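Structure at a glance
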Amino acid sequence: MNAIRLEQIAGSDADLKAALTDAYLPTDDIEDHGRTFFKALSSDGQIVGFYGVERCGGDVLLRSVVVLPDHRGQHLGIALVKQALAGLDQASDVYLATTRAASFFTRIGFSEVQRDSVPAAVLATRQLSTICQSSATIMRLTAPPT
C-alpha cells in the first residue's frame, strides 16, 4: 500500500462532488459552513479518495469517506480513516452515519449506537437531521484503530 497525503479542499471541489455522487453519498450540504474536506493523494499525485469532518460542539462527525473505484481493494480506506482520525482532537468523540459500510467501520474501531445516545449537536447536523435516512446506522469510535 502506498502512503497517502492529504490536501484540504473546498466543499465545492468538482472531483469531490463527482466522487460522492458516484458512490451514492450525499452532496446536499457539502458547501455549507462548518465542514472541512480533504483529498487523498497517492505518492505519485493521483487522487485516491476523499473524506470530510464536521465539528459538532466537542464532537466530530466523520463524513463522506470514499475511495475512488480504481484504488479500492488496496486498504486505502483504512489508511484514509486512520489519517483522518489522527488529525482530530483525541478528546473528541467521533460519530458517523452509514447505510452500507457498517462492517468496514466496525473493523477499524467504530460501533453502532442508538440515536437517543448521540449528542444533540451531532443529531442537529443536516447530515443526521434531514439528509440521512432514519434507518442509517449511527456509529461512534470506541477504540482507536491500530
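First, a word on what this report is: a plain description of the structure on this page. Within each chain, residues carry numbers counting from 1 in the order of the written sequence. Side-chain atom pairs in this predicted model are given and counted only at pLDDT of 80 or more, local residue features only at pLDDT of at least 70, and totals for whole chains, interfaces and linings cover all residues. Just so you know, side-chain values use all the structure's heavy atoms and leave hydrogens and water out.

1. Thoughts on the layout of surface pockets
What counts here: Whether a set of points on the 1 Å grid over the protein atoms alone is a cavity depends on a 1.4 Å probe fitting there but being unable to get out, while an open set qualifies as a pocket with protein on both sides within 12 Å along at least five of seven lines; lining residues are those with an atom within 4 Å of a point. Grid points are joined across faces, edges and corners, and a volume is the space filled by probe spheres set on the points. The numbering of helices and of strands both runs from the N terminus, where a helix is a DSSP run of H or I of at least 4 residues and a strand a run of E of at least 2. Residues are grouped as follows: Ala, Val, Leu, Ile, Met, Phe, Trp, Tyr, Cys and Pro are nonpolar; Asp, Glu, Lys and Arg are charged; all remaining types, including Gly, are polar.
If you add up the space inside the largest pocket, you get close to 860 Å³. Taken together, 33 residues make up the lining of the largest pocket; nearest its centre are Leu 25, Val 65, Val 66, Ala 101 and Phe 105. Among the secondary structure elements, those contributing two or more residues to the lining of the largest pocket are strand E4 (59–67), helix H2 (76–86), strand E5 (94–98), helix H3 (102–107) and helix H5 (126–131). In terms of residue count, the dominant contributor to the lining of the largest pocket is E4 (7 residues). Taken together, the residues of the lining of the largest pocket sort by class into 19 nonpolar, 10 polar and 4 charged.

2. Some details on unusual backbone geometry
Our working definition: Summary of the burial criterion: residues with accessible area below 20% of their type's maximum are buried, those above 50% are exposed, and those between are partly exposed, where the area comes from a 1.4 Å probe applied to protein chains only.
Even without glycine at this site, Ser 64 takes up a positive phi of about 60°. With respect to the helices and strands, Ser 64 occurs in strand E4. Residue classification places Ser 64 among the buried residues on the basis of a relative accessible area of 11%. Positive phi values are uncommon outside glycine, yet His 75 reaches one of about 65°. Mapped onto the fold, His 75 is located in the loop between E4 and H2. Given a relative accessible area of 58%, His 75 falls into the exposed group.

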